Structures are given as C-alpha cells and as structure tokens.
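# A structural walkthrough
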Amino acid sequence: MKDYTDGPAPGVFVLWIAKGALFPVVLVIFVGFAAAFSYQSLKLGLAFDVEGIVTSATVTDRRTETLRRDGETETAYHVTFAYETADGPMVVERKVSRGVFRDMVPGASRDIRYLASRPRVMEHTVGHIWQGGQVMRWVSLGFGLAALGAFWWTARPAVEALRARKYGRAEWAKVHYVDERVSKSKDAESRTYVLVWRDARGEMGESLPSSSRTRYFRYGPTSDIEVFRDSRGKTWWVGDVGPRAAAATVPDVGKS
C-alpha cells in the first residue's frame, strides 16, 4: 500500500482491499462451488428416488491410491462393483469411504441403486447422494453466512475511514515507532510493518499494515502526522485514507 499523504485520496475499494477484502471474496467463491455441488447432488438424488432401481452388486476388485496435497499424504479408496441391469451387465468403479472399503472384500455383495435410464450411474449406498447434497446445502448456507459476516467485518473499517476523512476532526499525532510483525507458515515467513503513533488524547493508534518498511522512512520518532478521528474515537492516518478534499492538509485551523 502506498503513502496517500500527498494524494490522491483512495476510494473505498482500495481501503477495503487493505482491510482484507480477499477473504470474503474467497468465501463467496467457495459458497458458489458448494451450492453448485449441492444442487447437482440433490438433483441426482431426486432422479434416483424417481427412477432408481435397487439391485445386488458383487465386489470384483478394490484398490487404494496415495495422494500428496499441501505436503500431506492422503489415501483414496476405490471399489469395483459388478451388477446386472436391463441393458446388460455393468462393471463400475466408485470412490468410497474407508469404512465401506474395509467391508468390501472381493466377492462380497452389497445393495446398490442405479438409474434405469443410465445404468452406469449408480450409488454404492442407497440414498447416499441425496444425503450428501443435503449436507452440502447446509455447508453452503453456513459459509454464506460467514461470507456476509466477513463482508461486514472488512468493509465497515473502510467506510469508517472514509467517513473520518470527510467528517472527522483533523488532529496532530506524534509518531512513536514502526512496528515489524512476522507471520510464519509451514513453508514461508512474511513481514508487515505498521506506523504507531500517540494522538492528542494520549491514545495509541496504528496505520494499515504494509509489506514495505520504506513507506515509513520519512516518519521518524516524534514526527508530527495528520490523523482524522472517526465517530468511535479511532484515529486514521492521512497516509492511509488520503487528504481531505474540502480543505487543505496541514496546517489547518481545524486541527488541534
């Protein structure tokens, strides 16, 4: 994020991005995928209820598959079923849970259900697809509510910052120091920097985080900076929110 002290003042979208707009956007994308999966599962589950035919299938083979994702090892379980239909014999492999895999030794029998119009479309547990669609419907609802909460949580500070710039009291504050913050993950380490100040009330405030320390090079300890106070009493640095358009930046008779 750049220093907006000398303008031009950023809009709400720029500030929203700085406050973590990517998180609710990712949640919304996940909700879309979950809702689409739920719809397809419920649609197929309804088709099974309308035209599904229950029959006995014989396990002819089973196998495991080892996968590596994000540095971790996962095991996928697959079982091959053979069953008779009006269109002739069918042999279909399906991915199953570990519990189903454990019971499905070659030669074992199991009731399955297939579609009369598409005999190769089958479910290895009767009602399994409809139940999965119901679960994903609740999952998508839960993440949808989380996305709404994340939108509010990240967008509200951006709106408050713009309101402070337009209507809040302009004040002087003194720079205290630049705080370096380190975030560690499994494979990487990231650093962010914030400018910390003490306002006219003696309260501490801090800037939006930046990935570059050079953003604060011209603001040494005890430097005077311009801040705007919002309706909650929080101060916002002009370098984050930009100068007020209706009046000149410092010096200003409206400042204390």
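Treat the numbers as computed from the prediction; the structure is a model and nothing was measured. (Residues numbered from 1 in each chain as written. Predicted model: local features only at pLDDT ≥ 70, side-chain atom pairs only at ≥ 80, totals over all residues. Heavy atoms only, no water.)

## Describing the layout of surface pockets
Of the pockets and cavities examined, the largest pocket occupies roughly 180 Å³. Around the largest pocket sit Lys19, Arg181, Ser183, Thr192, Val194, Glu206, Ser207, Leu208, Pro209, Lys234, Trp236 and Asp240, which together line it. The set of elements that each furnish at least two residues to the lining of the largest pocket consists of β6 (169-184) and β7 (189-198). (1 Å grid on protein atoms, 1.4 Å probe; cavity = no way out; pocket = protein on both sides within 12 Å on 5 of 7 lines; lining within 4 Å. Points joined across faces, edges and corners; volume = space filled by probe spheres on them. Helix = DSSP H or I, 4+ residues; strand = E, 2+ residues; numbered from the N terminus.)

## Describing the nonpolar core
The nonpolar side chains of soluble globular proteins are, as a tendency, buried together. Core analysis: the biggest nonpolar cluster contains 24 residues, and Leu195, Ile225 and Trp237 have the highest contact counts within it. Contributions of two or more residues to this core are made by α1 (12-18), α4 (128-167), β6, β7, β9 (224-229), β10 (235-237) and α5 (238-241). Membership of the second largest hydrophobic core comes to 16 residues, among which are Val59, Val100, Ile112 and Tyr114. (Core = buried A, V, L, I, M, F, W, Y, C linked by side-chain atoms within 4.5 Å. Buried < 20%, exposed > 50% of the residue type's maximum accessible area, 1.4 Å probe, protein only.)

## A look at the pairing of β9
Side chains on a regular strand alternate between the two faces of the sheet. In terms of burial, β9 is largely enclosed, as 5 of its 6 residues are buried. In the sheet, β6 pairs with β9 via 6 bridges, with the strands oriented antiparallel. Directly across from Ala173, in β9, lies its bridge partner Ile225. Following β9, the chain reverses through 5 residues before pairing antiparallel with β10; Gly233 in that reversal takes a positive phi of roughly 95°. (Pairing = 2+ DSSP bridges.)

## A few points about the sheet that holds strand β3 (residues 88-96)
Paired through their backbone hydrogen bonds, the strands of a sheet run either parallel or antiparallel. Judged by pairing direction, the sheet is antiparallel, and its 5 strands sit side by side in the order β3-β2-β1-β4-β5 without closing on themselves. Each edge of the sheet is formed by a strand with only one pairing partner; in this case those strands are β3 and β5 (122-123). The sheet contact formed by strand β4 (residues 109-115) and β5 spans 2 bridges and is antiparallel. Looking at the pairing, Tyr114 lines up with Met122 of β5. Set on the sheet, helix α2 (residues 22-51) makes contact with β1 (52-69), β4 and β5; between it and β4 the angle comes to about 100°. (Contact = heavy atoms within 4.5 Å. Axes fitted to C-alpha atoms, helices over the stretch in contact; angles between N-to-C directions.)

## What about the sheet that holds β6?
On the basis of which strands lie adjacent, the open sheet formed by 5 strands has the order β8-β7-β6-β9-β10 and antiparallel pairing. Looking along the sheet, the strands with just one partner apiece sit at the ends: β8 (204-206) and β10. Strand-to-strand twist across the sheet, computed as the mean angle between neighbouring axes with direction ignored, equals 50°. Bridge count between β9 and β10: 3 bridges; the pairing is antiparallel. Paired with Phe228 across the two strands is Trp236, which belongs to β10. Each of β6, β9 and β10 touches α4; the most contacted strand, β10, lies at about 85° to it.

It is worth stressing that arrangement in space is one thing and function is another; only the former is reported here.
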